[in-house]
Structure formats: structure tokens, C-alpha cells
Amino acid sequence: VDEGIRAALTKAHRRLMNDGRGARTVTVKLKRADFEQHTRSETLPFSTTDWDVLYLSVRLLSHTLYIQTKDELKLFSLSDKKDGAAVTRWRWLK
């Protein structure tokens, strides 16, 4: 699971940096084999581009969902409001 999170977060982080944006809300979506879905999100007190902060947020949310395998964690997003519009970057884990 950790390798998938690191790889996907690296791509999402690169895109945030290229766009000149930060992320304030981290969302993790879980889909189990029986099609049951769960979503958890966390809003940070500040917008950030710090990879370690974003990584820890995704990991902590993943643990609250008791994710056992990378096949269960399907995607996560990093989002922030800029100029009144929400900008969300979803990353699928492979």
C-alpha cells in the first residue's frame, strides 16, 4: 500500500507544484471487493505543498479505513480553493 501511495502522491505533488497551487483538503476513497465504498477527508489549517505533510495525511486517513491491500485503496485527492473555485487532483493507485 505504501509504495502505491508514494508513487501516486509524487505525481500529484509534481502537478501541484507545476500549477503553483497548494492543497488544503486530503480525501481518501476506499472501494472493497464487495463494492462497499468509504470516504474519509481531512482539511488542514493551511494550504501546503509540503510532500511530507500530504503523505502523512493520506497515510493517516488510509489507516482509519483499515486498508489491508493496495487493491482496496482506489484513489485519493488533494484539493484547495483558489479564487473561489475548488481545484481537486484525484490520483488512482495502481
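In this text the structure is predicted, and so the values were computed from the model without any measurement.

Undergrad: Hey, could you run me through the packing of aromatic side chains in this one?
TA: Aromatic ring pairs are described here by two measures, namely the spacing of the ring centres and the angle between the planes. Following the criterion strictly, the structure yields one aromatic pair and no others. The interplanar angle of 5° and the centroid separation of 5.1 Å between the aromatic rings of W51 and Y55 together place this pair among those described as stacked. A residue pair is termed a helical-turn pair when its members lie 3 or 4 positions apart in one helix, as W51 and Y55 do in helix α2 (residues 51-64) at four residues. One Lys or Arg, R6, reaches over the ring of Y55 and ends 4.6 Å from the middle of that ring.

Undergrad: Would you take a moment to explain the nonpolar core for this structure?
TA: General note: in soluble globular proteins, nonpolar side chains tend to be found buried as a group. Grouped together as the largest cluster of nonpolar side chains are 16 residues, with contacts concentrated most on L9, V26, V28, L54, V58, F76 and L78. Broken down by secondary-structure element, the contributors of at least two residues to this core are α1 (2-19), β1 (23-31), α2 and β3 (73-82). Among the elements that take part in this core, α1 stands out by supplying five residues, more than any other.

Procedures and definitions
- Within any chain, residue numbers begin from 1 and follow the written order of that chain's sequence.
- Since the coordinates come from a predicted model, pLDDT governs what is reported: local features require at least 70, and pairs of side-chain atoms require 80 or more to be given and counted, while whole-chain, interface and lining totals use all residues.
- For the side-chain quantities, the full set of heavy atoms in the structure was used; hydrogens and water were omitted.
- Aromatic rings from Phe, Tyr and Trp, with only the six-membered ring used for Trp, were paired whenever their centres fell within 6.5 Å, and each pair was classed as stacked if the ring planes differed by under 30 degrees, edge-to-face if by over 60, and tilted otherwise.
- Working definition: helices are DSSP H or I runs of at least four residues, strands are E runs of at least two. Numbering for both runs from the N terminus.
- Note on geometry: a ring has a charge over it if NZ (lysine) or CZ (arginine) is within 6 Å of the ring centre and within 35 degrees of the ring normal.
- As used here, the term nonpolar core means buried Ala, Val, Leu, Ile, Met, Phe, Trp, Tyr and Cys residues forming a set that is joined through side-chain atoms within 4.5 Å.
- A simple rule labels every residue: compare its accessible area, found with a 1.4 Å probe on the protein chains alone, to the largest value its type can have, and call it buried under 20%, exposed over 50%, or partly exposed in between.

Keep in mind these numbers describe shape, not what the thing actually does.
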